[in-house]
Amino acid sequence: MTQRIAKQIRDRDQQLAEIRRSLGTNSLVLIGLMGAGKSAVGRRLAASLNLPFTDADGEIETAAGQTISEIFAEHGEAYFRTGERKVIARLLKNGPQVLATGGGAYMDPETRAAVKANGISIWLKANLRLLMKRVGRRDNRPLLQVDDPETAMKKLMAQRNPVYGQADITVQSREVPHEVMVSNIVDALSARLEPDGPAGPAGGPVKAQ
């Protein structure tokens, strides 16, 4: 191992340690549309930071004893959103952690306020082509169980992207190895946490490509 590579590893380890320290009891909360990569990237981000990973949808299914598709079919979306809000509020008390949320969670004003009070929100922003490629691999997306899933996704993007844009950090989700996405997020977190970084002393929004 060359000295240069060894230094890069030390610098990255120091960067990760500083992020963990700066979080305190707060969580890193991944938001974005279905197919953006929240769970896959979130697991690797948590491993890099030596933090627990929590998938909100999985916790909801455990609490309800039903899959999300079954909850939607039996009780409707409003019932699901109420349960989702309660579960996420509970999970946010368990930080620090990396918490992946469902696509509609951040649309709820109470959930947005809870995330702001107890975490740093990270929007994984993806384009339509990438989202449709990924969601086509699975049939457990209740909001896309329609005749024209692409039109439904376009509508969701139009409704949700402006709200997702309120996130503390925006990272473009793309077809790259998950480790690259994790590196982008880590760099964006460091930029936000640095007093003289792009976010400034107030820790404002940061966008990363």
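This is a predicted model, so every value here is computed, not measured. (Residues numbered from 1 in each chain as written. Predicted model: local features only at pLDDT ≥ 70, side-chain atom pairs only at ≥ 80, totals over all residues. Heavy atoms only, no water.)

## Quick notes on the packing of aromatic side chains
The way to describe two aromatic rings as a pair is by their centre distance and the angle between their planes.
Here is step 1: One pass over the full model with this rule turns up 2 aromatic pairs.
Here is step 2: With 5.0 Å between their ring centres and 45° between their planes, Phe72 and Phe80 make a pair best called tilted. Phe80 shares its class with Phe72; the two are buried.
Here is step 3: Considering the side-chain rings of Trp123 and Tyr164, the 5.6 Å spacing of their centres and the 45° angle between planes classify their relative orientation as tilted. Placement of Trp123 in strand 4 (residues 119–125) and of Tyr164 in helix 8 (residues 149–164) is noted, with a sequence separation of 41 residues between them. Each member of the pair, Trp123 as well as Tyr164, is classed as buried. (Phe/Tyr/Trp six-rings, centres within 6.5 Å; stacked < 30°, edge-to-face > 60°. Buried < 20%, exposed > 50% of the residue type's maximum accessible area, 1.4 Å probe, protein only. Helix = DSSP H or I, 4+ residues; strand = E, 2+ residues; numbered from the N terminus.)

## Re the confidence of the model for the protein chain
Here is step 1: Put simply, the protein chain has an average pLDDT of 87, and 86% of its residues get 70 or more.
Here is step 2: Scored below 50 in pLDDT, residues 196–202 makes 9 contacts in the model with residues more than four places away or belonging to other chains. (pLDDT = per-residue confidence, 0-100. Contact = heavy atoms within 4.5 Å.)

## Quick word on helix 9 (residues 178–193)
Here is step 1: Taking 1.5 Å of rise per residue, 16 residues should cover 22 Å, and helix 9 covers 23 Å from first to last C-alpha, within 8% of that figure.
Here is step 2: Those residues of helix 9 that fall on the buried side of the exposure criterion are Met181, Val182, Asn184, Ile185, Val186, Ala188, Leu189, Ser190, Ala191 and Arg192. (Expected span 1.5 Å × (residues − 1).)

## Re the pattern of salt bridges
Here is step 1: Counted according to the given criterion, the structure contains 10 salt bridges.
Here is step 2: Residues Arg81 and Glu77 are paired through a salt bridge, measuring 3.1 Å at the closest nitrogen-oxygen approach. Of this pair, Arg81 and Glu77 both sit in helix 5 (residues 77–91), 4 residues apart, which is roughly one turn of the helix.
Here is step 3: Here Arg81 falls in the buried class, since its relative accessible area comes to 17%.
Here is step 4: The class for Glu77 is partly exposed, based on a relative accessible area of 35%.
Here is step 5: One salt bridge in this structure joins Arg192 and Asp168, with 3.5 Å as the shortest N-O distance. Placement of the pair is Arg192 in helix 9 and Asp168 in the loop between helix 8 and strand 5 (169–172), with a sequence separation of 24 residues.
Here is step 6: We classify Asp168 as buried; its relative accessible area is 13%. (Salt bridge = Lys/Arg side-chain N within 4 Å of Asp/Glu carboxyl O.)

## A look at the side chain of Gln66
Here is step 1: The topology assignment puts Gln66 in the loop between helix 3 (56–64) and helix 4 (68–75).
Here is step 2: A distance of 2.7 Å separates the side chain of Gln66 from the side chain of Glu74, its partner in a polar contact.
Here is step 3: Every residue in contact with Gln66, bar those within four places of it in the chain, is listed here: Glu61, Ile71, Glu74 and His75. (Polar contact = N/O pair within 3.5 Å; in protein donor to acceptor, adjacent residues only side chain to side chain.)

## Quick look at the nonpolar core
Here is step 1: Core analysis: the largest hydrophobic core is formed by 53 residues, its most contacted members being Leu28, Leu45, Ile122, Leu124, Val171, Ile185 and Leu189.
Here is step 2: Top element by residues in this core is helix 9. It accounts for 6 residues. (Core = buried A, V, L, I, M, F, W, Y, C linked by side-chain atoms within 4.5 Å.)

## A word on unusual backbone geometry
Here is step 1: Backbone torsion omega between Gly95 and Pro96 reads 5°, so that peptide bond is classified as cis.
Here is step 2: One can find Pro96 in the loop between helix 5 and strand 3 (98–100).
Here is step 3: Phi at Asn50 is positive, roughly 55°, even though this residue is not glycine.
Here is step 4: Considering the arrangement of structural elements, one finds Asn50 in the loop between helix 2 (38–49) and strand 2 (53–55).
Here is step 5: Judged by relative accessible area, Asn50 falls into the exposed class, the value being 64%.

## Remarks on the packing of helix 1 (residues 3–23) against helix 9
Here is step 1: Closest axis-to-axis distance for the helix 1/helix 9 pair is 10 Å, and the angle between their directions is 60°. When the interaxial angle is binned, helix 1 and helix 9 end up oblique. For the pair helix 1 and helix 9, the crossing hand works out as left-handed. In this structure, helix 1 uses Arg12, Gln15, Leu16, Ile19 and Ser22 to contact helix 9, whose residues at the interface are Ser183, Val186, Asp187, Leu189, Ser190 and Leu193.
Here is step 2: Residue classes in the contact of helix 1 with helix 9 are distributed as 5 nonpolar, 4 polar and 2 charged. (Axes fitted to C-alpha atoms, helices over the stretch in contact; angles between N-to-C directions. Parallel < 35°, antiparallel > 145°, perpendicular 65-115°, else oblique. Left-handed = near helix turned anticlockwise from the far one by under 90°. Nonpolar A, V, L, I, M, F, W, Y, C, P; charged D, E, K, R; others polar.)

## Focus on helix 1
Here is step 1: The end-to-end C-alpha separation of helix 1 is 30 Å, in line with the 30 Å expected for 21 residues at 1.5 Å each.
Here is step 2: When helix 1 is considered as a whole, its buried residues turn out to be Ala6, Gln15, Leu16, Ile19 and Leu23.
Here is step 3: Taken together, the buried residues of helix 1 touch strand 1 (27–31), helix 2, strand 4 and helix 9.
Here is step 4: Count one or two residues on from helix 1 and you reach Gly24, which has phi positive near 60°.

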